[in-house]
Every structure is written in structure tokens, then in C-alpha cells.
Amino acid sequence: MWQPALFIGLAAALASGKLIFSPADLSETEYDFIVVGAGTAGCVLAARLSENPDVKVLAIEAGGSNEGIIATIAPFLGVSLAGTSVDWNYTTVPLEGYDNRTLGFTRGFGLGGSSVVNLLTWNRGSIDLWNSWAEVTGDDGWSWNNMEEFWLKSNTLVAPADGHDTTGQVDPAVHGTNGNVLTSVPGFPTELDPLVVNASLELGGRYSYTVDINGGVVLGTSYMQSSVGGGERSSAATAYLYPVIDRDNLDVLVNTRVTKLIETGGKKSKPEIRAVQLQQTNDDIPVQIKASKEVIMSAGVIATPQILMLSGIGPRQDLRKLNIKPIVNLPDVGQHFADHPAVASYYLVNSNGTFDSLLRDTNLFGLELVKWNTTRQGRFVNSPANTYSFLRLPDDAAIYENFDDPSSGPTAGHMEIIFVDGFAAFGPLTQPATGSFLTILAGVVSPVSRGCVTINTTNPFADPLIDPAFLTNAFDEYTMVQVMKDTEKFLSASSWDGFIIEPYGDLADASTDELKLQYSRTYGSNINHPVGTARMSPKKAKWGVVDSELLLKGADGVRIVDASVFPSIPESHTQAPVYMVAERAAALIKSKYSL
């Protein structure tokens, strides 16, 4: 991701309300619910479960507050947050499919989690995605129709920052009107917008224009919808947690890690786990806090399996190698890790309107920041991209001779193309000193490759081993090459005439399938959509980590609610489905305990 020092925001101010900064300052030793991780899902659960004043909730966050950090508020500046104090700063293992390169792996560190550091795209997922989850779990509650209420409950569509007429850019009828997260189409037009739309209208077919992909068919070319309201990022922290942080029955403990889940009783065949161990440093004496009802794991796709394995919950043989006593043998913990591989292609363009000059000139940048800070207008009200396309492979794609379709179904895609009006440093290349650029970020959204998150130490403060296994499957290789071809086709439309000068760098030489694949291996990155490391399955299935109600298999007292439970990867951006899963989880919990 981009790393210009100018983008780093101001020092964080403390969140309003009663944050707790040390386990020693907790007023209780037992709560009804303990939420491990106050990220995207954790903020939803903390807010929903504490709606009942008789329910005591403790939310525990490893990071701190991000309030006051400008780059977490101004949407355009979100690209600068990777590698900063609000990022876990993970690094992958050397990746075979990427020429043994390592990648930085951004995950939000602080209240709001990755909803604070992501690039804000708001995709519900396709009809087929949700129906496939219902089918694979044997629980119709996950179906498209039954998840509708949680989609509407999570978001409110608002006007874009500039207040322009959005007719033809979004369908208000498929959005929430009283949900927590504010969402909108871009509030600052770029020169690319008409070029992209006109190309889609000219080419039609797989590239056709779609008014609103959140209507259930996630295909075609469309305006992005983002978690932005009033020119500001709308995160799980600002939308769910901060408005309720003063509740007497809600404690929010920051700068503290849950280093282990603690067995509190039960039988050997099914232990009870209703306590957590807390530490702020590796040298601290551990503190234990109990939950009378449930410990809810919302630590994310990386930290959730790490904590489970450190607690003796995971692949038995692997745990024993580290002298960890197995409590629950669940071989799927940390496995089936999926993410979207992507590669940026760059084109030199005939334009003075890209954001390239803004990134090179501190005076221009400062003026744009002042404009946003005083008016909530200008380029900073958007993420860097306004438009994108989701595509299926051609029906006659040769890869189908050897592979079944891995997508959820015909309403979901295989590929994504994102159009950026400037040089966006996704991957190893940095912005050139001169020139104006178009960036095309193209990726595979239905990958077959599966990686893992594992541990090689019992030190809870050491990072786990992260292997997304990008481009290690022939289907993914074929599809990555196809999306690069589709990009070339899209840019051949007449609307681009006179705008694109030439491909930049090695892209100019990537003229064959083999060279396109090698380009992807050399310059590939990811879109930070990890899922699946604690996937859900039917209640009686021997595979999986949680059942269809997100309860940990083989134990009592633990529920997992974050993207790790996704049984498959959405063929779209993953933020909104996390909110929806968390909203349904809150409803399931309230129903179980009659809250």
C-alpha cells in the first residue's frame, strides 16, 4: 500500500467515554459476555449486547483508540495506514506463487479494527453467496432472504459529500435507511468516471453497466459504494461503539491482549471454556476474567486462530509439537485461509487531473487537506477509486475442462477490476518522479488456492505464520491472466482514445499468457480480504470449527464472530458481510438468553 509520510495523521486523542487502560482497573472479575477483539464484528456485538442494561459486557482490544488520527477519518488517506500504529504490521511467509516474496499484511489494530484501515468498499455479496452458505451449513438463516434484515440493520445510504444527483449510480431501494454504518457513492468525481462508464456501455456483455451491485447480482461495471458519510469514514468504532461507550454496563479495555482461553469446567469429552487470560506485555502476571454466559472471539482471521491454538484448541498433533496440551481437537483451526490475489497494472496517461501531482507536492497536498478539514469536500472525501467491474470468466473458458466453477453461482464473479486515477502503489513499485498515471488493480475474487495461519511458538506476543498461498492453483493462475486480458479489452474501448499513452514498465512486455502470469507473480499483492480460518459447518459435521450458530465445536462457552467463520470467500469486498454476520450473531445470542 501507499506509504507517503505526508499521509500519516495526528496523534490519537482518547475516545470519549470510559476506556479502561489496564486490567487492574476493571471493576468486575466476571461479566455476562466477554468480546475478544473490538474490531468490526466486536464493536457490533459490544453495542448490541449492551442494549440490555442488565447485561454486563466487556470488550477487549489489543490496540488503542484511533480517534483524532486524520488518516483514519479522511477516506482518501486510508491508503497510508498500512505499517502505522493502527496496523498489526503482520508479514506473510515467503509466498511460492509470488516468487517467494513476502507481503505486508494489513489488519486493523485498535478500536474498530480493519473497518478503520480498509479502503471502505461496501459490498453485500451476491444472492448465490448467501444461499451457498445456507446450503453448506444446513442453516437457512444464512440465506439471502433471511440475511436481508441484517443487511438493512447494518447500513444507511446517505447522499455523497458533494450532494450530486445519484440517479443511475445507486438504487436506494436495496439499502438500509436506519442502519448504523453510513454508506454512499463517491462524493468527488474524477476524469475516469465517464471513461469507465462509457466503455462499459460501448462494450456491453460481460462489461455491461450495473446501477447497483448490492442488489444481489455482483457483476458488471458500477460506481463504488463506500462506508463514507459526510465526507468521513464510517467505521465500526464510529458507527457502533463510540455512540454507546458511556453505558454503565459496558467496559472497553484497550492496549490489552487475550493470550489464552481458560478451561473452567465441563467434561473431558466437552470442556467448558468461559474465562480469558489477559496480559499487556509478555512479562505481565496474567489476569483472568470470567464470562457467565459466553466468550465471543472476534479477534479476526489472523488472531482468532492464533489464540485458539495457544489455548489448546486446534490440530492436536501440531499443538503437541509445541508442548501445548490439546483441549479440543479441531484440525480446521487456522486452515482453509482464503484471500483475493491482485496485481496493479500502470498506464501513462495524457492528463493533468490525476492525483499524482498531489502526492509529489506538499503544498498541493496541504491545501487539499485544509479543504477537507474545513469543508469535508474535495478529493479526500473518497477512497482513491470511484469505479470498478466484476466479471465472470467467459462461458467457454478452457479452464472449465479441468475445473468446476468455484464461484458461489451465476450472480457472483470470478474477477474484479478497479480503476484508480493516479499511480496507486499496490505492490512493490513506487510512484515515479514524473508523469500522470492510470492504475488498474485487477484480481481473482473466486480463488481456489487455500493457505493457513499457524503458530511456531507459545509466545502470544509473537506473530503467527501467515500464508495466503496466492496463485498456487492452476485455476487462479488462469483467472489472473484472464483478468489482465479483460483489462486490455476494456481499455480498447473508444472512450479511452487520446487518454492512455502507453503501458508503464514491465507491463509493456507482458504480451503472452506466460508473461502475464510472471508479471502477476513479480508484482502481485492482495486486497486484504482474508477469511475462513475458523469456518462454520453443519452442527454434526466433523469438519469445521464452529456450527451454523457460530458456537465452537467440541466445547461449551465460546462463540466465534468474525470473517474467520466464513465457509467460503465472498466474490466481492468483505467488510459488509462481516457486519451482517455480527448482526445475526447478536440476534442469535439475544434469542438464546432471552435478552
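Above this note sits the structure.
Described in the following lines is the structure provided in the data block.

What counts and what doesn't
Residues numbered from 1 in each chain as written. Predicted model: local features only at pLDDT ≥ 70, side-chain atom pairs only at ≥ 80, totals over all residues. Heavy atoms only, no water. Phe/Tyr/Trp six-rings, centres within 6.5 Å; stacked < 30°, edge-to-face > 60°. Helix = DSSP H or I, 4+ residues; strand = E, 2+ residues; numbered from the N terminus. Buried < 20%, exposed > 50% of the residue type's maximum accessible area, 1.4 Å probe, protein only. Core = buried A, V, L, I, M, F, W, Y, C linked by side-chain atoms within 4.5 Å. Contact = heavy atoms within 4.5 Å. Polar contact = N/O pair within 3.5 Å; in protein donor to acceptor, adjacent residues only side chain to side chain. Pairing = 2+ DSSP bridges. Right-handed = clockwise from strand over helix to strand, strands pointing away. Salt bridge = Lys/Arg side-chain N within 4 Å of Asp/Glu carboxyl O. Axes fitted to C-alpha atoms, helices over the stretch in contact; angles between N-to-C directions. Parallel < 35°, antiparallel > 145°, perpendicular 65-115°, else oblique. Left-handed = near helix turned anticlockwise from the far one by under 90°. Nonpolar A, V, L, I, M, F, W, Y, C, P; charged D, E, K, R; others polar. Expected span 1.5 Å × (residues − 1).

## With respect to the packing of aromatic side chains
For any pair of aromatic rings, geometry is given as the distance between the ring centres together with the angle between the planes.
Then, in step 1: Scanning all chains against the criterion turns up 25 aromatic pairs.
Then, in step 2: Ring centres 4.8 Å apart and planes at 65 degrees place the aromatic pair W130 and W133 in the edge-to-face group. Pair noted here: W130 and W133 are both in helix α2 (residues 127-137), with a separation of 3 residues, about one helical turn.
Then, in step 3: Overall, W130 belongs to the buried group, its relative accessible area being 0%.
Then, in step 4: Look at W133 and you get buried, because its relative accessible area is 0%.
Then, in step 5: Centre to centre, the rings of Y519 and Y523 are 4.8 Å apart; their planes meet at 50 degrees, and the pair counts as tilted. Separated by 4 residues within a single helix, Y519 and Y523 lie in helix α11 (residues 513-523), roughly one turn from each other.
Then, in step 6: A relative accessible area of 5% means that Y519 is categorised as buried.

## Focus on the nonpolar core
Then, in step 1: In terms of nonpolar packing, the biggest core is built from 101 residues, with L261 and V276 touching the most fellow members.
Then, in step 2: The biggest single contributor to this core is helix α12 (residues 575-592), with 9 residues.
Then, in step 3: Beyond its immediate sequence surroundings of up to four residues, V276 is in contact with I34, V36, I60, V258, K260, L261, I262, V287, Q288, I289 and V295.
Then, in step 4: Grouped together as the second largest cluster of nonpolar side chains are 74 residues, F365, M415, V481 and Y519 included.

## Description of unusual backbone geometry
Then, in step 1: For N323, which is not glycine, the phi dihedral falls at a positive 60 degrees.
Then, in step 2: As for its position among the elements, N323 is in the loop between α7 (316-321) and β16 (328-329).
Then, in step 3: Backbone geometry places A469, a non-glycine residue, at a positive phi of 55 degrees.
Then, in step 4: Here A469 is to be found in the loop between β22 (465-467) and α10 (474-491).

## So, helix α1 (residues 40-49)
Then, in step 1: α1 sits mainly inside the fold: 10 of its 10 residues count as buried.
Then, in step 2: Residues of α1 that are buried: T40, A41, G42, C43, V44, L45, A46, A47, R48 and L49.

## A short note on the side chain of D32
Then, in step 1: Structurally, D32 is set in strand β2 (residues 30-36).
Then, in step 2: A relative accessible area of 11% means that D32 is categorised as buried.
Then, in step 3: A distance of 3.1 Å separates polar atoms of two side chains, one belonging to D32 and the other to S292.
Then, in step 4: Not counting residues up to four positions away in its chain, the partners in contact with D32 are D54, V55, K56, A291, S292, K293 and E294.

## Side note on the pairing of β2
Then, in step 1: In terms of burial, β2 is a largely internal element, 6 of the 7 residues being buried.
Then, in step 2: The sheet contact formed by β2 and strand β14 (residues 287-297) spans 6 bridges and is parallel. In the strand pairing of β14, E30 is matched with K290.
Then, in step 3: Across 4 bridges, the pairing between β2 and strand β3 (residues 57-60) is parallel. Within β3, the residue paired with V36 across the bridge is I60.
Then, in step 4: Regarding topology, α1 serves as the crossover connection from β2 to the parallel β3, and that connection is right-handed.

## A few points about the pattern of salt bridges
Then, in step 1: One pass over the full model with this rule turns up 20 salt bridges.
Then, in step 2: In this structure, E583 engages R48 in a salt bridge whose closest nitrogen and oxygen atoms are separated by 2.8 Å. Placement of the pair is E583 in helix α12 and R48 in helix α1, with a sequence separation of 535 residues.
Then, in step 3: Connected through salt bridges with shared partners, the residues R48, E51, E583 and K590 form a single ionic network.

## A word on the environment of D128
Then, in step 1: Residue position: D128 is located in helix α2.
Then, in step 2: Among the residues examined, D128 registers a relative accessible area of 18% and is labelled buried.
Then, in step 3: The spacing of D128 and A82 is 46 residues in sequence and 32 Å in space, taken between C-alpha atoms.
Then, in step 4: Among the polar contacts made by the side chain of D128, one reaches the side chain of T411 at a distance of 2.7 Å.

## Side note on the pairing of strand β19 (residues 415-420)
Then, in step 1: Taking burial as the measure, the 6 residues of β19 include 6 buried ones, the bulk of the element.
Then, in step 2: The pairing of strand β18 (residues 385-391) with β19 spans 6 bridges and is antiparallel. If you follow F390 over to β19, its bridge partner there is E416.
Then, in step 3: For β19 and strand β20 (residues 437-444), the ladder comprises 6 bridges, and the chain directions are antiparallel.

## Regarding the packing of helix α3 (residues 144-154) against α12
Then, in step 1: Contact geometry of α3 with α12 gives a least axis separation of 9 Å together with a crossing angle of 110 degrees. The angle between the axes of α3 and α12 places the two elements in the roughly perpendicular class. Considering the relative orientation of α3 and α12, their crossing is right-handed. Two secondary-structure elements touch here, α3 through M147, F150, W151, K153 and S154 and α12 through A576, Y579, M580, V581, E583, R584 and A587.
Then, in step 2: The class makeup of the residues in the contact of α3 with α12 is 8 nonpolar, 1 polar and 3 charged.

## As for helix α4 (residues 192-203)
Then, in step 1: Taking 1.5 Å of rise per residue, the 12 residues of α4 would be expected to cover 16 Å, and the 16 Å separating its terminal C-alpha atoms lies within 8% of that figure.
Then, in step 2: Taken together, the buried residues of α4 touch β8 (220-223), β18, β19, β20 and α10.
Then, in step 3: Within two residues after α4, G204 carries a phi angle of roughly 60 degrees, on the positive side.

## Overview of the environment of P538
Then, in step 1: Position of P538 among the secondary structure elements: in the loop between β24 (524-526) and β25 (558-560).
Then, in step 2: Sequence-distant contacts of P538, that is, excluding residues within four places in its chain, are made with V136, T137, G138, W543 and K553.

## Examining the environment of T256
Then, in step 1: Mapped onto the elements of the fold, T256 is located in the loop between β11 (250-253) and β12 (257-266).
Then, in step 2: Considering only alpha carbons, one finds T256 and P538, 282 residues apart in sequence, at a separation of 34 Å.
Then, in step 3: Ignoring sequence-local partners within four residues, the contact set of T256 consists of P23, I60, E61, A62, L278, Q279 and Q280.
Then, in step 4: A polar contact is formed between the side chain of T256 and the backbone oxygen of V254, at a distance of 2.9 Å.

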